[in-house]
Amino acid sequence: QILFADLDLDPEADPATLSGGEARRAALIRVLAPQPDLLLLDEPTNHLDLTVIDWLERTLAQTKSGLVLISHDRRFLETLTRRTAWIDRASVRTVDRGFAHFEAWRDEVLGQEELERHKLDRKIAAEEDWLRYGVTARRKRNVRRLADLHALREKRATAVKAVGRVKATASEATLSGKKVIEAKGLSKAYDGPAVVSDFSIDIARGDRIGLAGPNGAGKTTLLNLLTGQLAPDTGTLRLGTNLEIVSLDQRRASLKDDDTLAEALTEGRGDMLSVGGEQRHVIGYMKDFLFTPDQARSPVSALSGGERGRLALAIALARPSNLLVLDEPTNDLDLETLDLLQETLAAYDGTVLLVSHDRDFLDRSVTSLIAPNPTGPPGAWTQYAGGYSDMRAQQAERSAGRGDEPGPRRSSGGERKTVKPAAKTPSKLSYKEKYALETLPGRISEAEATIENVKKILADPQLFTRDPSAFTKEAGRLEALESALAAMEEEWLRLEMKREELEG
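Anyway, here's the lowdown on the structure attached to this text. All chains use their own residue numbering, which begins from 1 and follows the written sequence. Predicted model: local features are reported for residues with pLDDT of at least 70 only, side-chain atom pairs are reported and counted for 80 or more only, and whole-chain, interface and lining totals are derived from all residues. Only hydrogens and water are set aside; all other atoms, that is, all heavy atoms of the structure, feed into the side-chain values.

Quick word on a nonpolar patch on the surface
Here a patch means residues that are over 30% exposed by relative accessible area and free of salt bridges, tied together within 9 Å if like-charged and within 5 Å if nonpolar (Val, Leu, Ile, Met, Phe, Trp, Tyr). Only the protein chains shown count as cover for residues, and the accessible areas themselves come from Shrake-Rupley with a 1.4 Å probe. In the sections that follow, a salt bridge refers to a side-chain nitrogen of Lys or Arg positioned within 4 Å of a carboxyl oxygen of Asp or Glu. A cluster of nonpolar side chains, namely Leu38, Leu40 and Val68, defines an oily patch on the protein surface of about 300 Å² accessible area. Secondary structure elements are defined from DSSP: runs of H or I of at least 4 residues count as helices, runs of E of at least 2 residues count as strands, and each element is numbered from the N terminus. Positionally, Leu38 belongs in strand 1 (residues 38-42).

Pasting the structure below:
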């Protein structure tokens, strides 16, 4: 009963009516309740939201059961493991350290393999040189060395190299306008409490915005509201200019089971596709995502979950975009592909909206995170600066700041102690702060334009030779302008966060 309460699951519910997340929680209750000596967990965090993942991590950290975990959740593995088994090229290697040390150890192993391969190549080259120029009349010795050379060649030919890495780059369209999305007072409800209530946000070009929250909280609804796919009940939405939106849905619904992989990638238009303005043959592009040429004519229905995820990613990244909308892009992806996706998003010049339950991926990929406000009314969402760990820290600070209700309290020694009420915080921005918040964006734009003009002046290769004093003056001016711009941006960010906190 405690587990049912912790996981918010009705013990009388019909298993046939459960959602994917509810079914996974029921399976966890079934294996945790007997308190076994050994727990074998295969991708236990799949279909779980962040709240349940945190709960499961704490529960497993306290259990006396032995644990064997298979997972692509990096943070989960780093927290819980003390020994790591690496399945690689039909062999299993182990190290008596947790997953936090795995990647450094793996790179060391692969580096040593590469060194041994280089030594073997050198040895083969030396023996081949002997075969051409050093054969003597001693037949028995020659036959033995020739046999050794054949053995070296066989060893080199049968050596199994490490599996390649996914090569992912996003095709980018022309730049969008500086303001990508402006939402004011968005609200949405479905025959009940509001899913989104009075939500406002400004998203600029280059922002990486994450959305996180429990299953059913309304992340996909909010995502569809922000991209104009869903009309709000109240509020206004303005999308920026020159937007080219490419979406990756969490159910991979855009993939048709009857299509071949080649048809899915080219949309049925021959064997060529355009990637980043360059024509690529579909077989070559498939290899970038670790598909073999033989799979080109295989149906999508034959793919595993991880392969479907890689295919959906390949399709999304091939299309020109300046706004990527990714709904659970990490589902079923291996760790190497997750790393490459994170690097791809970091190099992407456009804007990203990202829904994910992967805490490590959120920390690595987003500049701010939108999550349900735990103390607000139904449908209230709050934007936090930084990733998932930053959000948790900010929530903890706010909880500590609220403290308990003021009133008499007894210390551990039994004395009555009076808690002073917290200092009253301002309920609104001052006039000076409001004025600064209104005028700073214009001043920032002017400073950016001036900086561009100064850079053009300094770009003249003849300026230093022609007029050294002018060059020195402009260089000093550029440094001062850039320092002033940084100060204005920091002040605007501080005031904007203060405004949102007061309004929230």
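Examining the packing of aromatic side chains
Here a pair means two rings of Phe, Tyr or Trp (six-membered ring of Trp) with centres within 6.5 Å. Their orientation is stacked below 30 degrees between planes, edge-to-face above 60, and tilted elsewhere. Under the criterion given, the structure shown has five aromatic pairs. Summarising the aromatic geometry, the rings of Trp86 and Trp105 are spaced 5.8 Å apart at their centres and angled 75 degrees between planes, so their arrangement reads as edge-to-face. Here the residue Trp86 occupies a position in strand 3 (residues 84-88), and Trp105 occupies one in helix 5 (residues 102-133), the gap between them amounting to 19 residues. Each member of the pair Trp86 and Trp105 is classed as buried. Consider the rings of Phe99 and Phe102, whose centres lie 5.3 Å apart with planes at 20 degrees: the pair is stacked. Exposure categories follow from relative accessible area, calculated using a 1.4 Å probe and restricted to protein chains: below 20% of the type maximum is buried, above 50% is exposed, and the middle band is partly exposed. Overall, Phe102 belongs to the buried group, its relative accessible area being 6%. In this structure an aromatic cluster arises from ring pairing among Trp86, Phe99, Phe102 and Trp105.

A word on the sheet that holds strand 9 (residues 245-248)
The mixed open sheet is built from six strands, whose spatial order is 9-12-13-7-14-15. Since the sheet does not close on itself, it has two edges, and those belong to strand 9 and strand 15 (381-385), each with one partner. When the angles between neighbouring strand axes are averaged without regard to direction, this sheet yields 15 degrees. In short, DSSP must find at least two bridges between two strands for them to pair. Two strands pair when backbone bridges link them, and strand 9 and strand 12 (residues 323-327) are joined in this way by four bridges, in the parallel orientation. Note that in strand 12 the partner of Val246 across the bridge is Leu324. As a rule, the C-alpha atoms of each element are fitted with a line to give its axis, helices using only the stretch in contact, and angles between N-to-C directions run from 0 to 180 degrees.

Considerations on the pairing of strand 6 (residues 194-204)
Both strand 5 (residues 179-189) and strand 6 contribute to a ladder of seven bridges, which runs antiparallel. From the neighbouring strand, Leu186 faces strand 6, where its bridge partner is Phe199. What sits between the antiparallel neighbours strand 5 and strand 6 is a turn of four residues, in which Asp191 has the positive phi angle 50 degrees.

Here's the deal with the pairing of strand 11 (residues 278-281)
The sheet contact formed by strand 10 (residues 272-275) and strand 11 spans four bridges and is antiparallel. The partner of Ser274 across the bridge, within strand 11, is Gln279. If you look at the hairpin formed by strand 10 and strand 11, you'll find two residues sitting between the two strands, and Gly276 has a positive phi there, around 60 degrees.

Focus on the sheet that holds strand 6
An order of 6-5-8 is seen for the three strands of this open sheet, with the pairing classed as antiparallel. What marks the edges here is a single partner per strand, and that holds for strand 6 and strand 8 (234-239). Across the sheet, the mean angle separating the axes of adjacent strands is 15 degrees when strand polarity is ignored. Pairing analysis gives five bridges linking strand 5 to strand 8, with the strands arranged antiparallel. Across the sheet, the residue bridging to Ile181 is Leu239, located in strand 8. Whether two residues are in contact is decided by their heavy atoms: any pair within 4.5 Å suffices. Against the sheet, helix 7 (residues 219-226) contacts strand 5, strand 6 and strand 8, and its axis sits at roughly 50 degrees relative to strand 6.

Description of unusual backbone geometry
The phi angle at Asp8 is positive, at roughly 55 degrees, despite the residue not being glycine. Counting through the fold element by element, Asp8 comes out in the loop between helix 1 (2-6) and helix 2 (20-32). On the basis of relative accessible area, Asp8 is assigned to the exposed category, the value being 67%. In this structure, Gln35 is a non-glycine residue whose phi angle is positive, near 50 degrees. Among the secondary structure elements, Gln35 is positioned in the loop between helix 2 and strand 1.

Looking at empty space enclosed by the protein
Of the grid points, spaced at 1 Å and generated over the protein atoms alone, those admitting a 1.4 Å probe that cannot get out make up cavities, while open sets with protein on both sides within 12 Å along at least five of seven lines make up pockets; any residue with an atom within 4 Å of a point is treated as lining. Grid points are joined across faces, edges and corners, and a volume is the space filled by probe spheres set on the points. Inspection of every chain in the model, using the stated rule, returns two cavities of 30 Å³ or more. Considered as a void within the structure, the largest cavity measures approximately 50 Å³ in volume. Lining the largest cavity, in full, are His72, Arg74, Leu335, Leu338, Asp339, Gln342, Asp358, Asp360, Phe361 and Arg364. Secondary structure elements with two or more residues in the lining of the largest cavity: helix 11 (335-347) and helix 12 (359-365).

Here we look at helix 10 (residues 305-318)
For a helix, the expected span equals 1.5 Å multiplied by the number of residues minus one. With 14 residues, helix 10 should cover 20 Å at 1.5 Å per step; its first-to-last C-alpha distance of 20 Å lies within 8% of that length. Burial of helix 10 is extensive: twelve of the 14 residues sit out of reach of the surface. Along helix 10, the residues classified as buried are Gly306, Glu307, Gly309, Arg310, Leu311, Ala312, Leu313, Ala314, Ile315, Ala316, Leu317 and Ala318. Among the structural elements, strand 9, helix 8 (261-266), strand 10, helix 9 (282-288), strand 12 and helix 11 are those in contact with the buried residues of helix 10.

A word on helix 16 (residues 468-503)
Here helix 16 is 36 residues long and its end C-alpha atoms lie 53 Å apart, about the 52 Å a rise of 1.5 Å per residue gives. Among all positions of helix 16, only Glu474, Leu478, Leu481, Leu485, Met488, Leu495 and Glu496 are buried.

With respect to the layout of surface pockets
Size it by volume and the second largest pocket reaches roughly 1,400 Å³. Surrounding the second largest pocket, 41 residues form its lining, Thr84, Ala85, Trp86, Phe99 and Phe102 being those nearest its centre. Looking at the lining of the second largest pocket, the elements with two or more residues in it are helix 3 (50-62), strand 2 (66-70), helix 4 (74-80), strand 3, strand 4 (91-95), helix 5 and helix 11. In this count, Pro and Cys sit with the nonpolar residues alongside Ala, Val, Leu, Ile, Met, Phe, Trp and Tyr, while Asp, Glu, Lys and Arg are called charged and the others, Gly among them, polar. Tallied by class, residues from the lining of the second largest pocket come to 19 nonpolar, ten polar and twelve charged.

Some remarks on the environment of Arg25
Relative to the helices and strands, Arg25 resides in helix 2. Distance from Arg25 to Leu48, taken between C-alpha atoms, is 7.7 Å for residues 23 residues apart in sequence. For Arg25, the residues in contact, after removing those within four places along its chain, are Leu7, Asp8, Leu9, Leu48 and Val52.

Everything listed here is a matter of geometry and, on its own, says nothing about what the molecule does.
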